[in-house]
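One letter stands for each residue in the lines below.
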Amino acid sequence: MILFLMCAWAQDYLRAEVVEGMIKEHQDVLTGCSELSNQLYRVRFSIDSKGKLTLIEGEECFHVLSQISFPLHPSSSRRFLWHVAAQDGVLFPQSLTREKQSYVRFPGLITSDKEKVMTQLVEK
Amino acid sequence: MLLLSFVSCLHVPISPKSYVHHYDVHIDASFQQLQNPKKSDQMVLDLVLRISPVERLKDDSVLYRVVVESEQAVVNEELLTLGIQGKWVETRAFEFGELLSIVHMEEWVAENSYMDALDIVWFLLYPNPPNVRTDQSRASLSRYPLQYAESQKSRVVLKNTWTLASIGKEAKLLYEGDMNIRGKWDDFRQSGKGHQKGELMMDVNGGNPLEHTGSLTRRLCYTGADTICQKQEFTFTMKRRP
């Protein structure tokens, strides 16, 4: 428990600007993407609490992003969406944002009207 | 001291045995209608799952990727696509078959995707039978955490009593027991109780079942100022492709 608290205390939550900065800093690992045709690409990835990146969606050459060690962070796995344009073999990062967690109301209950469930549970 | 703490938070990747397995999963489900409890919604789901190891972790557990290769759902006789084909989650489990955690579960769920109610798929894949001899029956727990969103956390525990029906190169096991769910979503408490029974074929070395058939009946509730419960029934089969 003490160990866990120390780990959490020593780490910052992983924000999109931190991830964006680190990818820009290590952009040279993406040499394999120089063959990409000229267009805008969508790259989705997650970074777990140990700082390990896993590509969820995107061109094969973006897999090398997993070589970057991101900071440890106390939150559960976070997902990011990166838009990057390729132009004549050069990558131009456009935007990097954190994806919102999925929002499922009353997980496990199957009903067509979860608003009614909410109303009933809040206002007895 | 701080440095030591960081070191202990890391894991050491080691290549696991490389194998890929495909599973055909079939689930018939019935969900009691909340507005009209005498009626229920019927669902038939067929999935093909591909499970492959990603890496071995420091505690000797293995991270597996579980990909939906194909999906087909029929809800109240209407053919539906759940939108999960090609999507994957990762499980961390010991090779003998005990499930420890599941990540990226949110990839499989969206409002009314039904997958949040079909967590039985984790028990199908990871029933965690004990070592049992022909002349005895033994109990074991199969546990799995569920988290589809930051504001939700649940834990499912299935306590089963197992008997060995036959053994050769493969073992045929029978089980029966009770399910318990505890959790929360936002400010609402989630709870549930159920009963399950079934049979499975396992490799004698353990791992995911080669075949698994069974049924589960449960009542899933949410409690706030009031309590709402839904009766849910599942029958299921799963078979690993040769």
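See the structure printed just above.
Computed from a prediction, not measured in an experiment: that's the story for all the values here. (Residues numbered from 1 in each chain as written. Chains lettered and ligands numbered in written order. Predicted model: local features only at pLDDT ≥ 70, side-chain atom pairs only at ≥ 80, totals over all residues. Heavy atoms only, no water.)

> Any chance you could explain the overall build of chain B here in plain terms?
Scanning chain B for helices and strands turns up two helices and 12 strands. The C-alpha atoms of chain B give a radius of gyration of 19 Å, which matches the 18 Å a tight globule of 242 residues would have. Its C-alpha atoms put chain B at 50 × 50 × 35 Å along the principal axes. Contacts in chain B between residues at least 24 apart in sequence constitute 55% of all its contacts with a sequence separation of at least 6. As presented, chain B carries roughly 11500 Å² of accessible surface, and 50% of it is formed by carbon and sulfur atoms. The distance from the centre of the 28 positive side-chain charges to the centre of the 31 negative ones in chain B is 6 Å. (Helix = DSSP H or I, 4+ residues; strand = E, 2+ residues; numbered from the N terminus. Rg over C-alpha atoms; globule rule 2.2 N^0.38 Å. Contact = heavy atoms within 4.5 Å. Areas by Shrake-Rupley, 256 points an atom, 1.4 Å probe, with all protein chains shown as cover. Lys, Arg positive; Asp, Glu negative; His and termini not counted. Charge placed at Lys NZ, Arg CZ, Asp CG, Glu CD.)

> Looking at this model, I keep getting lost on the overall build of chain A. Mind explaining?
The helix and strand tally for chain A stands at three helices and four strands. The helix and strand sequence of chain A, counted from the amino end, reads α-α-β-β-β-β-α. Buried residues in chain A amount to 44% of all 124 residues. Considering only contacts in chain A between residues 6 or more positions apart, those separated by 24 or more positions represent 57%. Carbon together with sulfur atoms contributes 52% to the accessible area of chain A, which is approximately 6800 Å² in total. (Buried < 20%, exposed > 50% of the residue type's maximum accessible area, 1.4 Å probe, protein only.)

> It is not clear to me how the side chain of Asp-41 of chain B should be interpreted in this structure. Could you clarify?
All names here are of chain B. One can find Asp-41 in strand E2 (residues 40-56). Buried charged residue Asp-41 carries no salt bridge. Nearest counter-charge: Lys-39, at 8.9 Å. Here Gln-33 takes part through its side chain, which lies 3.1 Å from a polar atom of the side chain of Asp-41. Here Asp-41 is in contact with Ala-29, Ser-30, Phe-31, Gln-33 and Asn-76, once residues within four sequence places are set aside. (Salt bridge = Lys/Arg side-chain N within 4 Å of Asp/Glu carboxyl O. Polar contact = N/O pair within 3.5 Å; in protein donor to acceptor, adjacent residues only side chain to side chain.)

> Help me out: how do you make sense of the nonpolar core in this one?
General note: in soluble globular proteins, nonpolar side chains tend to be found buried as a group. With 66 residues, the main nonpolar core has Met-43, Leu-118, Trp-122 and Tyr-144 of chain B as its most contacted residues. Apart from the residues lying within four places of it in its own chain, the contact partners of Trp-122 of chain B are Val-89, Thr-91, Leu-99, Ile-102, Met-105, Trp-108, Tyr-144 and Leu-146 of chain B. Counting residues in hydrophobic clusters, the runner-up holds 25 residues, among them Leu-30, Leu-36, Val-43 and Ile-68 of chain A. (Core = buried A, V, L, I, M, F, W, Y, C linked by side-chain atoms within 4.5 Å.)

> I keep staring at helix H3 (residues 114-122) of chain A and nothing clicks. Help me out?
What sets the pattern is the α-helix's 3.6 residues per turn: residues three or four places apart point alike. Along H3 of chain A, the residues classified as buried are Lys-114, Val-117 and Leu-121 of chain A. Down the axis of H3 of chain A, the buried side of the element spans an arc of 50 degrees, and every buried residue falls inside it. Of the surrounding elements, those touching the buried residues of H3 of chain A are strand E10 (188-203), strand E11 (211-223) and strand E12 (227-240) of chain B. (Arc of directions from axis to C-beta.)

> Which parts of the structure should I look at to understand the state of the cysteines?
Linking two cysteines covalently through their sulfur atoms gives a disulfide. Residues and elements named next belong to chain B. The full count for this structure, using the stated rule, is two disulfides over all chains. Covalent S-S linkage joins Cys-221 and Cys-229, the inter-sulfur distance amounting to 2.1 Å. Looking along the S-S bond of the Cys-221-Cys-229 disulfide, the torsion reads about 105 degrees, which is the right-handed sense. Each of the two residues, Cys-221 as well as Cys-229, counts as buried. (Disulfide = S-S within 2.5 Å.)

> It is not clear to me how the pattern of salt bridges should be interpreted in this structure. Could you clarify?
Opposite charge on two side chains permits pairing when their charged atoms draw close. All chains considered together, the criterion is met by 18 salt bridges over all chains. Linking Arg-65 of chain B and Glu-90 of chain B is a salt bridge whose minimum nitrogen-to-oxygen distance equals 2.9 Å. One end of the pair, Arg-65 of chain B, is in strand E3 (residues 62-75); the other, Glu-90 of chain B, is in strand E5 (residues 88-93), and 25 residues separate them in sequence. Between Lys-231 of chain B and Glu-233 of chain B there is a salt bridge, with its nearest N and O atoms 3.7 Å apart. Each of Arg-42, Arg-44, Glu-57 and Arg-79 of chain A together with Glu-106 and Glu-107 of chain B takes part in one network of salt bridges that share partners.

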